[in-house]
Amino acid sequence: MTSKELQTLLMFGVIVLITLGITLWASRRTRTTTDFYAAGRKISGAQNGLAVAGDYMSAASFLGIAGLIAFFGYDGFMYSVGFLVAYLTVLFLVAEPLRNIGKFTMADVLSFRLRNRSVRTVAAISTLIVTLIYMIAQMVGAGSLVSLLVPSLDYNWAIIIVGLLMIFYVIFGGMLATTWVQIVKAVLLMGGTLILSILVLSHYGFSLGNFFDAIHGVVGKYCTGGGTLKDGACSSGTLVSQSYLTPGLRYHGTYGQLDLISLGLALVLGTAGLPHILMRFYTVPTARTARSSVVWATAIIGVFYILTTFLGFGAATLVGKAHIANQNLAAPLLAEAVGGTLFLAFIAAVAFATILAVVAGLTIAGSSAFAHDIWLNVVKRGREDEREQVLVAKITAGIIGVISIFLAIALHYSNVAFLVGLAFAVAASANVPSIILSIFWRRFTTAGMISSMLVGLISSVILIMVSPAIMAVDPPGTAAAAAHLIQAKALFPLENPGLVAIPLSFAVAIVVSLVTRDEAAVETFSETNVRANLGIDAEV
Amino acid sequence: MADATSPQDGGKSIPARNTEVVDDQHTALRDWQAIERDSEFRELVRTKRNLIIPATIFFLLYYFVFLIVVGYMPDVANASVFGNINVAYLFALSQFFMAWILMGIYVWRAGTFDRLVERIVARVRGGNKE
């Protein structure tokens with residue numbers, strides 16, 4: 001084992017010890033279902049803001065965006081913008097009503113007016129699907145990170161360790177441990193990113209002008225008309241060379257431009273439909289603290305995403321695309337280039353903490369969807385037994401952990417950023433129309449909601465399966481890791497299904513609601529409206 | 001989706017009776033329809049709507065205009081502002097400040113909602129002893 005590996009393992013060990021300590025502390029404070037799912041609703045606005053930030057800045061943000069910018073220049077930064085602006089949707093439309101109406105899960109809000117077990121079932125299934133996709137992305141990221149930095153540790157073992165740790169956090173520490181793991185991670189990630197950015201800037205004498213001149217000098221190439229670039233020549237189309245600061249290296253041509261809009265739509269709406277983020281708003285005591293947690297989160301996340309400028313473009317200028325074998329490792333490689341191996345070990349450990357915090361948040365969202373929505377409200381028809389519920393939630397957390405370990409091992413070669421993009425698109429299409437309409441539209445019916453959720457879920461998943469991200473004919477000699485899953489011409493031209501699936505889901509919700517009648521839903525809208533606005537009778 | 005955010009006040013005739021349901025979500029029996037008709041409550045919903053709908057339309061427009069400039073208007077996007085810093089990058093950066101400023105305005109205005117909510121809740125609780 002090399003000293004680089006030892007340093008990395010040591011740093012990882014420190015992170016694991018801190019998080020295990022938090023879990024043990026939290027386990028003594030976790031008894032009831034409210035403790036387990038919502039940390040007793042005693043988290044403050046600032047703490048929850050940090051935890052939301054910790055839950056949100058996943059492997060896709062830290063490793064993924066840096067890699068995308070390092071490979072595609074400006075276009076990678078579009079993710080940073082979309083991920084941040086999305087919090088306006090959360091603040092204006094979702095956070096406060098959700099806290100006022102719901103109890104533990106996304107389905108609480110959806111099934112509030114439409115008191116229907118099928119609504120809960122569909123919402124829980126959607127939660128589980130979005131959560132699992134998101135989780136696999138994180139675990140594949142962890143596996144790649146560990147197996148590349150600590151080659152003596154096998155990819156599969158890395159996945160198993162991450163999986164077991166997350167099961168441990170959730171089962172023993174519940175939401176309280178998860179929250180504090182996220183807070184610690186957010187602080188570490190912000191610190192690491194800040195130091196890395198300063199080191200990059202110091203390379204340019206702390207002159208933004210010099211830095212941008214250097215980025216301007218980096219040239220990216222692509223072929224028009226979908227041709228592939230090989231040895232400086234295009235298989236078809238013409239070769240375009242442009243600066244890394246010029247948009248279009250990734251999104252060019254008619255479909256590329258549409259894909260940019262599609263991605264933007266999925267990102268700006270998707271966050272409001274991510275179950276693990278929504279669930280965080282139940283951990284604070286009131287709607288007012290839910291509001292302040294969004295503001296805190298947005299302040300922190302905004303600074304982070306602005307700093308991705310330095311991570312991504314820094315990797316492009318100081319490391320260079322040619323020296324980055326794995327896109328997801330652009331940020332760690334940059335850390336090594338500007339700070340040496342010890343700093344690399346630190347940044348890798350921060351990335352590892354990032355992944356641990358996010359998978360813990362996802363596990364608890366998934367386990368609550370099963371235990372609270374399906375088990376308690378569908379199977380047991382609302383007859384509550386606190387001890388049994390917590391037990392069921394813990395068992396589910398274990399099962400989710402094991403399933404994601406297997407899926408992450410099976411999907412070894414998947415692209416992390418792509419999987420997270422898929423989760424956002426599915427969340428935006430399946431969940432967001434129903435969440436918004438159930439809070440604001442009196443005429444929304446049970447049939448409208450169920451059909452919209454199913455259409456959103458199925459259409460987004462199918463469109464992704466037949467998109468160029470999955471379907472393409474690779475040129476001969478493509479490595480297995482880079483090959484597309486289905487070797488045929490794509491049936492749908494866009495990589496992101498948002499532009500079609502989101503409007504479709506909204507349209508189905510509205511049309512089906514207008515042609516069906518649902519007296520109970522219309523009647524209970526008054527209660528929804530009053531409670532969403534006043535916070536009266538909100539869960540405490 | 002801005003039009004879907006407006007509750008159809010007064011447009012429907014709502015049966016004037018309680019929804020007599022008590023379960024884990026619906027803890028108390030209240031006359032929700034009466035509260036909904038309350039003039040102060042209507043004022044609350046109206047002032048919130050007057051802030052949220054324009055703010056939502058504004059940020060979505062600002063964001064999608066940005067996407068269109070980046071995707072479809074290369075001449076504008078590539079125009080230089082300072083040296084090599086172009087419109088595309090500054091427009092992206094401005095989205096962050098736009099979000100922070102809009103949030104600031106929302107939080108500042110939400111203080112007014114909170115006071116109104118407190119007044120209504122005190123009245124509802126006072127007139128409806130549990």
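Thresholds applied
- Residues numbered from 1 in each chain as written.
- Chains lettered and ligands numbered in written order.
- Predicted model: local features only at pLDDT ≥ 70, side-chain atom pairs only at ≥ 80, totals over all residues.
- Heavy atoms only, no water.
- UniProt positions renumbered as here; feature names shortened; annotations may be inferred.
- Helix = DSSP H or I, 4+ residues; strand = E, 2+ residues; numbered from the N terminus.
- Rg over C-alpha atoms; globule rule 2.2 N^0.38 Å.
- Areas by Shrake-Rupley, 256 points an atom, 1.4 Å probe, with all protein chains shown as cover.
- Lys, Arg positive; Asp, Glu negative; His and termini not counted.
- Charge placed at Lys NZ, Arg CZ, Asp CG, Glu CD.
- Contact = heavy atoms within 4.5 Å.
- Buried area = accessible area lost by both parts, 1.4 Å probe.
- Salt bridge = Lys/Arg side-chain N within 4 Å of Asp/Glu carboxyl O.
- Core = buried A, V, L, I, M, F, W, Y, C linked by side-chain atoms within 4.5 Å.
- Buried < 20%, exposed > 50% of the residue type's maximum accessible area, 1.4 Å probe, protein only.
- Expected span 1.5 Å × (residues − 1).
- Phe/Tyr/Trp six-rings, centres within 6.5 Å; stacked < 30°, edge-to-face > 60°.
- Axes fitted to C-alpha atoms, helices over the stretch in contact; angles between N-to-C directions.
- Parallel < 35°, antiparallel > 145°, perpendicular 65-115°, else oblique.
- Left-handed = near helix turned anticlockwise from the far one by under 90°.
- Nonpolar A, V, L, I, M, F, W, Y, C, P; charged D, E, K, R; others polar.
- pLDDT = per-residue confidence, 0-100.
- Bend = angle between axes of the 7 residues up to and from the residue.

For chain B, the name recorded in an unreviewed UniProt entry is Clumping factor B, with Dictyobacter vulcani as its organism.

Looking at an unreviewed UniProt entry, one finds chain A named Cation acetate symporter and attributed to Dictyobacter vulcani. Comment text from UniProt for chain A, heading Sequence similarities (unreviewed entry), reads "Belongs to the sodium:solute symporter (SSF) (TC 2.A.21) family." UniProt, in the comment section headed Subcellular location (unreviewed entry), describes chain A in these words: "Cell membrane".

Caption draft 1: Expanded view of the overall build of chain A. The number of helices and strands found in chain A is 19 helices and four strands. Its C-alpha atoms give chain A a radius of gyration of 23 Å, within 12% of the compact-globule value 24 Å for 540 residues. The dimensions of chain A, computed from C-alpha atoms along their principal axes, are 65 × 50 × 40 Å. As displayed, chain A offers around 17,300 Å² of accessible surface, 68% of which is attributable to carbon and sulfur atoms. Here chain A contributes 30 positive and 24 negative side-chain charges, whose respective centroids are spaced 5 Å apart.

Caption draft 2: Main features of the interface of chain B and chain A. With 67 residues of chain B at the interface, the matching set in chain A holds 65 residues. Of the roughly 6,300 Å² buried at the junction of chain B and chain A (both faces included), carbon and sulfur atoms supply 67%. At the junction of chain B with chain A, the criterion picks out five salt bridges. For the side of chain B that touches chain A, the elements supplying multiple residues, two or more each, are helix 1 (32–37), helix 2 (39–72), strand 2 (85–86) and helix 4 (87–127) of chain B.

Caption draft 3: A look at the nonpolar core. Within the largest apolar cluster, 223 residues are counted, with the highest numbers of intra-cluster contacts made by Tyr56(A), Phe92(A), Leu534(A) and Phe66(B). Ranked by the residues each element gives to this core, the list is headed by helix 13 (residues 330–379) of chain A, at 24 residues. When neighbours within four sequence positions are excluded, Leu534(A) is seen to be in contact with Asn100(A), Ile35(B), Phe41(B), Leu44(B), Val117(B), Ile120(B) and Val121(B). Residues Leu463(A), Val466(A), Met471(A) and Leu494(A) belong to the second largest nonpolar core, which totals five residues.

Caption draft 4: Local environment of the UniProt feature "transmembrane region" (unreviewed entry) in chain B. Residue and element names in this part refer to chain B. According to UniProt, the feature "transmembrane region" (unreviewed entry) maps to residues 51–73 and 85–108 in the numbering used here. Secondary structure over residues 51–73 splits into 96% helix and 0% strand, and the C-alpha atoms at its two ends are 31 Å apart. Secondary structure across residues 85–108 divides into 92% helix and 8% strand, with the first and last C-alpha atoms of the span separated by 33 Å.

Caption draft 5: Fine view of the side chain of Thr528(A). Residue position: Thr528(A) is located in helix 19 (residues 519–534). In contact with Thr528(A), other than residues within four places in its own chain, are Ile101(A), Phe112(A), Arg113(A) and Ser438(A).

Caption draft 6: Region of the structure containing helix 7 (residues 117–149) of chain A. With 33 residues, helix 7 of chain A should cover 48 Å at 1.5 Å per step; its first-to-last C-alpha distance of 47 Å lies within 8% of that length. With respect to burial, helix 7 of chain A is a largely interior element, 24 of its 33 residues being buried.

Caption draft 7: Spatial organisation of the pattern of salt bridges. Counted according to the given criterion, the structure contains 15 salt bridges over all chains. Between Asp114(B) and Arg291(A) there is a salt bridge, and its shortest N-O distance comes to 2.9 Å. With Asp114(B) in helix 4 and Arg291(A) in helix 12 (residues 287–319), this pair bridges two chains. For Arg123(B), the salt bridge is made with Asp38(B), and the minimal N-O distance between the two is 3.0 Å. With Arg123(B) in helix 4 and Asp38(B) in the loop between helix 1 and helix 2, this pair connects stretches of sequence that are 85 residues apart.

Caption draft 8: Highlighting the packing of aromatic side chains. Counted under the stated rule, the structure contains 30 aromatic pairs over all chains. Ring geometry for Phe92(A) and Tyr106(B): centres 5.3 Å apart, planes at 50°, overall tilted. Within this pair, whereas Phe92(A) is found in helix 5 (residues 74–101), its partner Tyr106(B) is found in helix 4, the two belonging to separate chains. A centroid spacing of 5.4 Å and a plane angle of 20° characterise the contact between Phe211(A) and Phe310(A), whose relative ring orientation is stacked. Note that Phe211(A) is positioned in helix 9 (residues 208–217) and Phe310(A) in helix 12, a separation of 99 residues in sequence.

Caption draft 9: Focus on the packing of helix 4 (residues 59–72) of chain A against helix 12 of chain A. Residues and elements named next belong to chain A. Look at helix 4 against helix 12: their axes get within 8 Å of each other, and the N-to-C directions meet at 50°. One element, helix 4, and the other, helix 12, form an angle in the oblique class. Along this stretch, helix 4 crosses helix 12, giving a crossing that reads as right-handed. Residue-level contacts link Ser61, Phe62, Ile65, Ala66, Ile69 and Ala70 of helix 4 to Phe304, Tyr305, Thr308, Leu311, Gly312, Phe313, Ala315 and Ala316 of helix 12. Classifying every residue of the contact of helix 4 with helix 12 by side-chain character gives 11 nonpolar, three polar and no charged.

Caption draft 10: Just the environment of Leu494(A), in detail. Counting through the fold element by element, Leu494(A) comes out in the loop between helix 17 (446–465) and helix 18 (498–515). Ignoring sequence-local partners within four residues, the contact set of Leu494(A) consists of Tyr255(A), Leu258(A), Asp259(A), Ser262(A), Ser467(A), Pro468(A) and Leu499(A).

Caption draft 11: Region of interest: the side chain of Thr271(A). Looking at the secondary structure, you find Thr271(A) in the loop between helix 10 (253–270) and helix 11 (275–278). Ignoring anything within four residues of it in the chain, the contact list for Thr271(A) reads Tyr56(A), Phe83(A), Ala86(A), Tyr87(A), Val90(A), Ile277(A) and Phe424(A).

Caption draft 12: A look at the confidence of the model for chain A. Chain-level statistics for chain A give a pLDDT mean of 89 and a share of 98% at 70 or above. Looking at the elements of chain A, mean pLDDT is at its lowest for strand 2 (residues 229–230) of chain A, recorded as 78, and at its highest for helix 18 of chain A, recorded as 96.

Caption draft 13: Seen up close, the confidence of the model for chain B. Mean pLDDT over chain B: 80, with 75% of residues reaching 70 or higher. Taking the mean pLDDT of every element in chain B, the minimum, 88, falls on helix 1 of chain B and the maximum, 95, on helix 2 of chain B.

Caption draft 14: Region of the structure containing helix 13 of chain A. Residue and element names in this part refer to chain A. For helix 13, which comprises 50 residues, the first-to-last C-alpha distance of 47 Å sits more than 12% below the rise-based estimate of 74 Å (1.5 Å per residue). Considering bend angle alone, the principal kink of helix 13 is centred on Gly339 and spans about 140°. Among the 50 residues of helix 13, 39 are classified as buried, and the element is accordingly described as predominantly covered. Where helix 13 terminates, the next one or two residues include Arg381, which has phi positive at roughly 50°.

Caption draft 15: Structural detail: unusual backbone geometry. Residues and elements named next belong to chain A. Even without being glycine, Ala39 reaches a positive phi, approximately 50°. Relative to the helices and strands, Ala39 resides in the loop between helix 2 (33–38) and helix 3 (45–56). Although it is not a glycine, Asp537 adopts a positive phi angle of roughly 65°. The residue Asp537 is located in the segment after helix 19 in this model.

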